[in-house]
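Coordinate inspection notes
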Amino acid sequence: MKQMNDRYEGQTYYELLEVNPQAGPSDIYLAYQRARATYSASSPALYSMFTPQEAQDLMALIEEAFQTLSHQARRTAYDQKLGLVKAPPTKPTSAYESTPAKSSSDAWIGPVKVVRRSNEELPKGFARTKFSVYEVKAELEQEIQNVQECDGLFLQKARLYKGVTLEQMSEEIRVIKATLVALESNDLDVLPVAVFCRGFVIQYARVLGLDENKVASAYMKFFKARKVVK
Amino acid sequence: MSQNILRPDFTQLRGRSEHGSTIIAVGGGKGGVGKSFVSSSLAIFLAQLGYDTLAIDLDLGGANLHTSLGVPIKDRGINEFILDPSLKFTDITQETHWPKLKLISGSSETLNVANVDDEQRSRIMSSIARYQCDFTVLDLSAGTHLSTLDFFLMANHKVVVFTPEPSSIENAYRFLKASFFRKLRRYEFQLQLKTQIDGLMANRKAHNINSPADLMHALVKQEPILGPKLKHILEDMNFEIVLNQARTRQEIELGHALQSVCVKYFGFPCHFLGGLEYDNAVWQSLRQKNHLLMANRQTHLYAQLMAMARKIGKPRREKTAA
């Protein structure tokens with residue numbers, strides 16, 4: 001094993017897996033599957049090149065590479081170590097994210113801490129979504145509870161309150177960020193037809209742990225009113 | 001004949017000053033894996049794509065490229081070229097069924113022509129390098145004869161043909177290792193690294209050297225200036241793998257495995273150029289002395305060969321000195 005490490009020292013995980021550093025998760029998975037087939041004991045490709053022991057050691061290295069590259073957070077950390085990407089600045093970079101919601105006086109957006117889902121007990125007065133832990137604000141909960149008609153700004157407010165970023169939302173509900181931005185900024189021209197928007201809002205609400213039907217019908221009231229006026 | 005000393009005749013020198021052609025060598029250890037088939041098909045497809053192409057049969061002992069191409073034997077081929085120093089390549093090319101494709105066949109009744117000496121080999125190589133066209137396809141012989149290795153190493157595209165059988169894989173690997181060491185021997189001398197490399201190879205156990213990648217790694221450690229230089233030169237080798245006679249689609253996947261093993265073993269990039277399915281039509285058309293592609297276009301094989309020719313044809317790579 002030590003020998004293998006020596007031989008491939010200085011090689012990145014990308015080189016070990018023989019993928020491009022820009023490769024997407026599916027490419028990495030494919031490369032890993034291929035490597036597994038290649039360095040399995042029965043593979044004809046090894047014949048007269050690598051001994052079974054060497055193949056096994058190599059596979060261990062490839063396994064290690066895959067463990068890192070297949071995991072988004074670990075891969076990002078690794079990329080930073082390699083200097084492939086810059087470390088993210090502590091403040092959000094997107095201009096949209098950094099401008100606080102108009103209606104808010106910032107007070108209600110507590111310090112957002114994004115944590116992995118874990119089972120540990122939360123202190124009283126806190127709750128969690130899939131992506132975040134947030135402080136429960138009775139006033140806002142009330143507002144969400146009593147919503148009759150709402151627009152994108154309301155959705156954004158709810159999202160920021162729950163501490164979920166646009167990227168996380170986009171990734172989770174498989175809607176591109178541009179559409180979500182349009183949704184939150186009431187840019188109806190960019191949005192698709194009503195039935196799709198409704199679908200987006202339902203998904204969106206579900207991620208935030210809101211009552212999806214209520215929020216969706218509230219939003220659609222606003223949506224239809226605006227569309228007709230136009 | 002008046003020799004002008006001030007303006008010597010450079011055309012007789014082997015050099016890279018003038019652009020010859022992109023050379024594709026098709027080799028691969030074992031006999032019967034389809035080197036002639038792959039080279040003839042590549043040549044035909046490149047010609048069909050509109051490139052001026054020359055196919056040369058360098059299987060000096062057992063020439064059969066003309067059979068693959070379905071062309072009758074001509075009286076003058078590469079053997080006559082070797083024996084008669086006054087001949088030029090343009091004298092011995094022959095036409096084929098494809099307007100853009102020319103052939104230099106290797107068939108002959110002459111004995112003992114398989115064993116070319118250094119001078120003859122050098123003359124062939126310089127003629128190949130100087131011949132003006134878009135692509136030159138070399139059909140090499142089986143085995144790891146020195147002249148075969150030299151022809152292989154002079155190419156811009158070094159194509160190795162594998163079939164999914166262990167014997168073919170073993171021989172093809174053997175062939176690649178032999179070409180690696182052939183090139184290493186040439187440049188270790190130039191860079192005066194011979195003693196260091198011999199020293200490393202003598203103590204293989206102590207330095208943990210089991211593969212060319214290990215050797216280069218150890219050398220770079222020992223010789224921080226010349227080591228990387230040699231490594232860089234050797235990285236130009238860039239083998240391209242073709243997997244022939246795959247019986248199933250799954251077997252084509254083996255090509256990726258071969259690529260990966262080569263990359264890990266040699267420590268430089270190798271590419272899987274493409275897989276070719278086994279097709280009885282090849283055998284049948286050979287029997288009729290007709291090329292497969294004259295009749296059959298609706299096969300997987302046709303599409304796979306076309307894809308391969310496009311890969312080689314499209315990006316005009318930079319020429320690298322062998």
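This one's a predicted model, so the numbers in the text were calculated from it and none came from an experiment.

**Side note on the overall build of chain B**
- Scanning chain B from terminus to terminus reveals 15 helices and eight strands.
- Across the 322 residues of chain B, 46% fall into the buried class.
- Taking as baseline every contact in chain B between residues at least 6 positions apart, the subset at least 24 positions apart corresponds to 75%.

**Observations concerning the interface of chain A and chain B**
- Each side of the interface is counted separately: chain A has 17 residues, and chain B has 19 residues.
- Secondary structure elements with two or more residues in the side of chain A that touches chain B: helix 1 (2–7) and helix 3 (25–38) of chain A.
- With four residues, the single largest contributor to the side of chain A that touches chain B is helix 3 of chain A.
- In terms of residue class, the side of chain A that touches chain B is built from nine nonpolar, four polar and four charged.

**A closer look at the nonpolar core**
- Leu17 of chain A together with Ile24, Leu138 and Ile241 of chain B are the most contacted members of the largest nonpolar core, which totals 106 residues.
- With eight residues, the single largest contributor to this core is helix 1 (residues 35–48) of chain B.
- Excluding its chain neighbours within four sequence positions, the residues that come into contact with Leu17 of chain A are Ile28, Ala31, Tyr32, Ala35, Ile62, Ala65, Phe66 and Leu69 of chain A.
- Membership of the second largest hydrophobic core comes to 25 residues, among which are Ala158, Leu210, Val215 and Ala218 of chain A.

**So, the pairing of strand 4 (residues 101–104) of chain B**
All names here are of chain B.
- Of the two faces of strand 4, the one holding Leu101 and Leu103 and the one holding Lys102 and Ile104 are both buried throughout.
- As paired strands, strand 2 (residues 53–57) and strand 4 are joined by four bridges and run parallel to one another. Counted as the bridge partner of Ile56 is Ile104 from strand 4.
- Hairpin connection between strand 3 (residues 94–95) and strand 4: a loop of five residues separates the two successive antiparallel strands.

**Concerning the environment of Val85 of chain A**
- Relative to the elements of secondary structure, Val85 of chain A occurs in the loop between helix 5 (72–82) and helix 6 (95–98).
- With near-sequence residues (within four places) excluded, Val85 of chain A lies in contact with Asp79 and Gln80 of chain A.

**A short note on the packing of helix 6 (residues 146–153) of chain B against helix 7 (residues 166–190) of chain B**
All names here are of chain B.
- The interhelical angle for the contact between helix 6 and helix 7, taken along N-to-C directions, is 80°, at an axis separation of 10 Å. It follows that helix 6 is roughly perpendicular to helix 7 by the angle criterion. On the side of helix 6, the interface is formed by Leu149, Phe152 and Leu153, while helix 7 contributes Ala178, Ser179, Arg182 and Lys183.
- Looking at side-chain class alone, the contact of helix 6 with helix 7 contains four nonpolar, one polar and two charged residues.

**Here's the deal with the packing of helix 1 of chain B against helix 15 (residues 300–313) of chain B**
Residue and element names in this part refer to chain B.
- Relative to each other, helix 1 and helix 15 sit at 70°, their axes nearing to 9 Å. Viewed along their axes, helix 1 and helix 15 adopt a mutual orientation that is roughly perpendicular. Classified by chirality, the crossing of helix 15 by helix 1 is right-handed. Each of Ser41, Leu42, Phe45 and Leu46 in helix 1 lies in contact with helix 15, whose residues at this interface are Leu305, Met306, Met308, Ala309, Ile312 and Gly313.

**Considerations on the sheet that holds strand 1 (residues 22–27) of chain B**
All names here are of chain B.
- Spatially, eight strands are ordered 3-4-2-5-1-6-7-8 in an open sheet, and the strand pairing comes out mixed. Both outer strands of the open sheet, strand 3 and strand 8 (271–277), are each paired with one neighbouring strand and no more.
- Sheet strands in contact with helix 1 are strand 1, strand 2, strand 4, strand 5 (135–139), strand 6 (157–162) and strand 7 (240–246), and its direction is about 165° off that of strand 5.
- Of the strands in this sheet, strand 1 and strand 6 are in contact with helix 7, which crosses strand 6 at around 155°.

**Side note on the confidence of the model for chain B**
Residues and elements named next belong to chain B.
- Here chain B averages 83 in pLDDT, while 87% of its residues score no lower than 70.
- Throughout residues 316–322 the model reports pLDDT below 50, and contacts reaching past four residues in sequence, or to other chains, amount to eight contacts.
- Here the predicted complex carries an ipTM of 0.73, next to a pTM of 0.67.

**Brief notes about the environment of Val71 of chain B**
Residues and elements named next belong to chain B.
- Within the secondary structure layout, Val71 lies in the loop between helix 2 (65–69) and helix 3 (78–83).
- The sequence separation of Val71 and Gln94 amounts to 23 residues, and the corresponding C-alpha distance is 9.1 Å.
- Other than its neighbours up to four places away in sequence, Val71 contacts His66, Gln94, Thr96 and Leu103.

**So, the pairing of strand 8 of chain B**
All names here are of chain B.
- When you tally the buried positions in strand 8, you get five out of seven residues, the bulk of the element.
- Pairing of strand 7 with strand 8, which is carried by five bridges, proceeds in the parallel orientation. Across the sheet, residue Glu240 finds its bridge partner in strand 8, namely His271.
- Tracing the backbone out of strand 7, into helix 12 (residues 249–266) and back to the parallel element strand 8 gives a crossover that is right-handed.

The rules behind the values
Residues numbered from 1 in each chain as written. Chains lettered and ligands numbered in written order. Predicted model: local features only at pLDDT ≥ 70, side-chain atom pairs only at ≥ 80, totals over all residues. Helix = DSSP H or I, 4+ residues; strand = E, 2+ residues; numbered from the N terminus. Buried ≥ 20, exposed ≤ 12 C-beta atoms within 10 Å, placed from the backbone. Contact = placed C-beta atoms within 7 Å. Nonpolar A, V, L, I, M, F, W, Y, C, P; charged D, E, K, R; others polar. Core = buried A, V, L, I, M, F, W, Y, C linked by C-beta atoms within 7 Å. Pairing = 2+ DSSP bridges. Axes fitted to C-alpha atoms, helices over the stretch in contact; angles between N-to-C directions. Parallel < 35°, antiparallel > 145°, perpendicular 65-115°, else oblique. Left-handed = near helix turned anticlockwise from the far one by under 90°. pLDDT = per-residue confidence, 0-100. Right-handed = clockwise from strand over helix to strand, strands pointing away.

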